[in-house]
Amino acid sequence: MPEFDLSVDICGVTWKNPIATASGTFNFRESSRYYRVSDLGCITTKGVSREPWGGNETPKIAETRSGMLNSIGLENRGVEMYIDHDLKPLKEAGATVMANVAGHTIVEYCSVAERLAKTAVDLLEINISCPNVKEGGIAFGTDKTAAAELVTRVKKVSGAKPVIVKLSPNVTDITEIALAVERAGADGLSLINTLKGMRIDLNTGKPVLANGSGGLSGPAIHPVAVWMVYETARVCRIPIIGMGGVMTGADALELMLAGAKAVAVGTAALIDPVAPTRILGELAGLLRK
Ligand code: SIN
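Source: prediction; values computed, not measured. (Residues numbered from 1 in each chain as written. Predicted model: local features only at pLDDT ≥ 70, side-chain atom pairs only at ≥ 80, totals over all residues. Heavy atoms only, no water.)

Looking now at helix 8 (residues 249-258). When helix 8 is considered as a whole, its buried residues turn out to be Gly 249, Asp 251, Ala 252, Leu 255 and Ala 258. Next to the buried residues of helix 8 lie strand 3 (19-21), helix 7 (222-235), strand 13 (240-243), strand 14 (262-265) and helix 10 (275-288). Directly after helix 8, the chain includes Gly 259, whose backbone phi takes a positive value near 130°. (Buried < 20%, exposed > 50% of the residue type's maximum accessible area, 1.4 Å probe, protein only. Helix = DSSP H or I, 4+ residues; strand = E, 2+ residues; numbered from the N terminus. Contact = heavy atoms within 4.5 Å.)

This part covers the site of the ligand. Around the ligand sit Lys 46, Asn 70, Ile 72, Gly 73, Leu 74, Asn 127, Cys 130, Pro 131, Asn 132 and Asn 193, and that is every residue in its neighbourhood. Within the backbone of Ile 72, one N or O atom sits 3.2 Å away from an oxygen atom of the ligand. A distance of 2.7 Å is found between an oxygen atom of the ligand and a backbone nitrogen or oxygen belonging to Gly 73. In isolation the ligand has 260 Å² of accessible area, and contact with the protein removes 93% of it. (Near = heavy atom within 4 Å. Polar contact = N/O pair within 3.5 Å; in protein donor to acceptor, adjacent residues only side chain to side chain. Areas by Shrake-Rupley, 256 points an atom, 1.4 Å probe, with all protein chains shown as cover.)

For the structure shown, the criterion picks out 11 salt bridges. Notably, a salt bridge pairs Asp 86 with Arg 77, separated by 3.6 Å at the nearest N-O pair. Across the pair Arg 153 and Glu 149 runs a salt bridge whose closest N-O atoms are separated by 3.3 Å. Separated by four residues within a single helix, Arg 153 and Glu 149 lie in helix 5 (residues 144-157), roughly one turn from each other. (Salt bridge = Lys/Arg side-chain N within 4 Å of Asp/Glu carboxyl O.)

By the alternation rule, side chains of strand 5 (residues 61-64) split into Ala 62 and Thr 64, which are all buried, and Ile 61 and Glu 63, of which none is buried. Once strand 5 ends, the chain turns through two residues before running back antiparallel as strand 6 (residues 67-70). (Pairing = 2+ DSSP bridges.)

The subject of this paragraph is the sheet that holds strand 12 (residues 214-217). An order of 5-6-12-11 is seen for the four strands of this open sheet, with the pairing classed as antiparallel. Two strands lie at the open edges of the sheet, namely strand 5 and strand 11 (195-197), each paired on one side alone. Shown here is a sheet whose adjacent strand axes are inclined to one another by a mean of 35°, direction ignored. (Axes fitted to C-alpha atoms, helices over the stretch in contact; angles between N-to-C directions.)

Let us look at the packing of aromatic side chains. If you walk through the whole model with that rule in mind, you get two aromatic pairs. On the basis of an interplanar angle of 90° and a centroid distance of 5.5 Å, the ring pair of Tyr 109 and Phe 140 is categorised as edge-to-face. Taken together, the residues span a long stretch of sequence, with Tyr 109 in helix 3 (residues 106-117) and Phe 140 in helix 4 (residues 138-141) at a distance of 31 residues. Judged by centre distance (6.5 Å) and plane angle (25°), the ring pair of Trp 227 and Tyr 230 falls under stacked. Note that Trp 227 and Tyr 230 are positioned in helix 7 at a spacing of three residues, about one turn of the helix. Overall, Tyr 230 belongs to the partly exposed group, its relative accessible area being 40%. (Phe/Tyr/Trp six-rings, centres within 6.5 Å; stacked < 30°, edge-to-face > 60°.)

Across its 14 residues, helix 10 extends 20 Å between first and last C-alpha, which sits within 8% of the 20 Å expected from 1.5 Å per residue. The complete set of buried residues in helix 10 reads Ala 275, Pro 276, Thr 277, Ile 279, Leu 280, Leu 283 and Ala 284. Buried residues along helix 10 sit against strand 3, helix 8, strand 14 and helix 9 (267-271). (Expected span 1.5 Å × (residues − 1).)

To continue, consider the side chain of His 222. Structurally, His 222 is set in helix 7. Excluding residues that lie within four positions of it along the chain, His 222 makes contacts with Gly 244, Gly 245, Val 246, Asp 251, Glu 254 and Leu 255.

So, about the sheet that holds strand 10 (residues 188-191). Strand pairing within a sheet occurs via backbone hydrogen bonds; the two strands may be parallel or antiparallel. Read from one edge of the open sheet, eight strands run 3-14-13-10-9-8-7-4, paired in parallel fashion. Both outer strands of the open sheet, strand 3 and strand 4 (43-48), are each paired with one neighbouring strand and no more. Between one strand and the next, the sheet's axes are offset by a mean angle of 25°, whatever the strand orientation. Sheet topology places strand 7 (residues 97-101) next to strand 8 (residues 123-127); four bridges connect them, and they run parallel. When the bridges of strand 8 are listed, Met 98 appears paired with Leu 123. Where helix 7 meets the sheet, its contacts fall on strand 10 and strand 13, and the angle it forms with strand 13 comes to roughly 165°.

Here it is, written out as structure tokens:
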């Protein structure tokens, strides 16, 4: 771990360092075999909804030449199970935790935010960018009026918990949505979620993923993330958590130079569970240099 102070303030919450896990790519039982989860700046957990969601049919994952496609469909056990079985052990282990919040409707998002406001969770990440569900998710993230309305309503029920809004790259101009949610009261932004994509099986002529399309992540999308963070940081004042294809400390630093205050590691951790701490060490080395 770095021997100098790398702490950052994210919306009033002190992170030990600027490296977080990205939603949906962290498993406590697996990761804690390799590192102390409290060594990272923040653990962002998988999208959680009011009731359990079954997710999409398999296959839900496909490799691509420079990344992967996923179409999980926000499969999760619902907020009550999340509080007891995910949040509690993470807080007991000393982690700073950001809960990724999902819903089909504004009422559903608000129910989860209101419930989590009464827990030890540190931050809420409102997921308006999942490309794999028919209602909610990206439907809010591609419409600035709907996104702003959702944020206004979530802010009313989330108490003192900072509200970070996770943005989609699947838009013409990400700064329009970013500005709309900032004006609606968002405390921070996280970007980018995955880019919508598809692979076709040459033998069947059919999409590889059961859902047809999925979200592309991994190194292929890193330059897109750098560009979108850069554009957003030029117009927004609230802190940005940058993510998208971060595989090395240099990739993380690049996002920070583009304007991110912190960086999340996602797909890299699915290849190598220690990637977040390795990337933290590499980032510290580059900063020292
Ligand atoms: C999924 O669960 O399908 C992915 C989540 C996301 O892209 O936000």
